[in-house]
Amino acid sequence: MEKEILQLFSNLTERDQATQYESYEKLLKIMEEPVDWTYAVWEQLIQALTYSNHHSRARAAQILCALAAKSDPEERVLEDFLKIWAVTYDDETTTARLTLQAIWKIGLAGPVQRDLVVSYLAKRFQTCLDEKHPTLIRYDIIVSFKQLYDALHDPKLLEIAQRLIDEEQEIQYKKKYKAAIRSK
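None of these values were measured; they are calculated from a predicted model.

### Focus on the overall build of the chain
Okay, step 1: A count of helical and extended segments in the chain gives ten helices and zero strands.
Okay, step 2: Sequence-ordered secondary structure for the chain, helices as α and strands as β, is α-α-α-α-α-α-α-α-α-α.
Okay, step 3: The C-alpha atoms of the chain give 17 Å as radius of gyration, which agrees with the globular expectation for 184 residues (16 Å, within 12%).
Okay, step 4: Its C-alpha atoms put the chain at 50 × 30 × 30 Å along the principal axes.
Okay, step 5: Looking at the chain residue by residue over its 184 residues, the buried ones come to 45%.
Okay, step 6: For the chain, restricting intrachain contacts to residue pairs at least 6 apart in sequence, the fraction spanning at least 24 positions comes to 59%.
Okay, step 7: Just so you have it, the chain exposes about 10100 Å², and 50% of that area is on carbon and sulfur atoms.
Okay, step 8: Both charge centroids of the chain, one from 25 positive and one from 29 negative side chains, sit 6 Å from each other.

### Here we look at helix 4 (residues 54–70)
Okay, step 1: For helix 4, spanning 17 residues, the distance from its first C-alpha to its last is 25 Å, which sits close to the expected 24 Å at 1.5 Å a residue.
Okay, step 2: Measuring from the side-chain oxygen of the N-cap residue of helix 4 to the backbone nitrogen of His 55 gives 2.7 Å; that N-cap residue is Asn 53.

### What about the packing of aromatic side chains?
Okay, step 1: Evaluation of the coordinates by the stated rule reveals nine aromatic pairs.
Okay, step 2: Centre to centre, the rings of Phe 81 and Tyr 120 are 5.1 Å apart; their planes meet at 65 degrees, and the pair counts as edge-to-face. Of this pair, Phe 81 sits in helix 5 (residues 77–86) while Tyr 120 is found in helix 7 (residues 111–127), placing the two residues 39 residues apart along the sequence.
Okay, step 3: Among the residues examined, Tyr 120 registers a relative accessible area of 28% and is labelled partly exposed.
Okay, step 4: Through a chain of ring-to-ring contacts, the aromatic side chains of Phe 81, Trp 85, Tyr 89 and Tyr 120 assemble into a single cluster.
Okay, step 5: Taking NZ or CZ as reference, Arg 124 lies 3.6 Å from the ring centre of Tyr 89, over its face.
Okay, step 6: Above the ring of Tyr 139, the side-chain terminus of Lys 176 is found at 4.8 Å from the ring centroid.

### A closer look at helix 9 (residues 155–167)
Okay, step 1: For helix 9, spanning 13 residues, the distance from its first C-alpha to its last is 19 Å, which sits close to the expected 18 Å at 1.5 Å a residue.
Okay, step 2: The elements touched by buried residues of helix 9 are helix 7, helix 8 (134–152) and helix 10 (171–182).
Okay, step 3: A distance of 3.0 Å separates the backbone nitrogen of Lys 156 from a side-chain oxygen at the start of helix 9, and that oxygen is part of Asp 154.

Reading the values: rules and limits
- Residues numbered from 1 in each chain as written.
- Predicted model: local features only at pLDDT ≥ 70, side-chain atom pairs only at ≥ 80, totals over all residues.
- Heavy atoms only, no water.
- Helix = DSSP H or I, 4+ residues; strand = E, 2+ residues; numbered from the N terminus.
- Rg over C-alpha atoms; globule rule 2.2 N^0.38 Å.
- Buried < 20%, exposed > 50% of the residue type's maximum accessible area, 1.4 Å probe, protein only.
- Contact = heavy atoms within 4.5 Å.
- Areas by Shrake-Rupley, 256 points an atom, 1.4 Å probe, with all protein chains shown as cover.
- Lys, Arg positive; Asp, Glu negative; His and termini not counted.
- Charge placed at Lys NZ, Arg CZ, Asp CG, Glu CD.
- Expected span 1.5 Å × (residues − 1).
- Polar contact = N/O pair within 3.5 Å; in protein donor to acceptor, adjacent residues only side chain to side chain.
- Phe/Tyr/Trp six-rings, centres within 6.5 Å; stacked < 30°, edge-to-face > 60°.
- Lys NZ or Arg CZ within 6 Å of the ring centre and 35° of its normal.

Encoded structure:
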């Protein structure tokens, strides 16, 4: 693995939050294209999903989602999806939301991954009413469907999102969710 990549991962554990964030942003930018170092960091990231530091959990989940999208030819994400998904239920709301907002990227990896993500997002939309901040969760899910649609141009994704929105009983939230799938 290149020294630059090793340094960026090392910087994620620095005390200085600006250094952490800058390195995280650089890694996300690099991962917009396929990388060849996925499996050199994969297990470490899986372990980080359970660290006591909520920033570490969130970053690990987001990085895994980005790697799965374009750099997981062995499809390891299919084995580890539930470990990533578990972080969407994190006690720390920000960590849970950041993971939920990134998980759609896994759906870019292929049809099996897309179907997995879509089914989990749809079920979560239907079952999250007893969770903390259900309207935020539902909004993030609808935005995820929109982002998948924007990337894949599969009209079925918007159809599923619309069916979910139609289940919403509160008019103000229904309007908010509809606006999310019309954006861009």
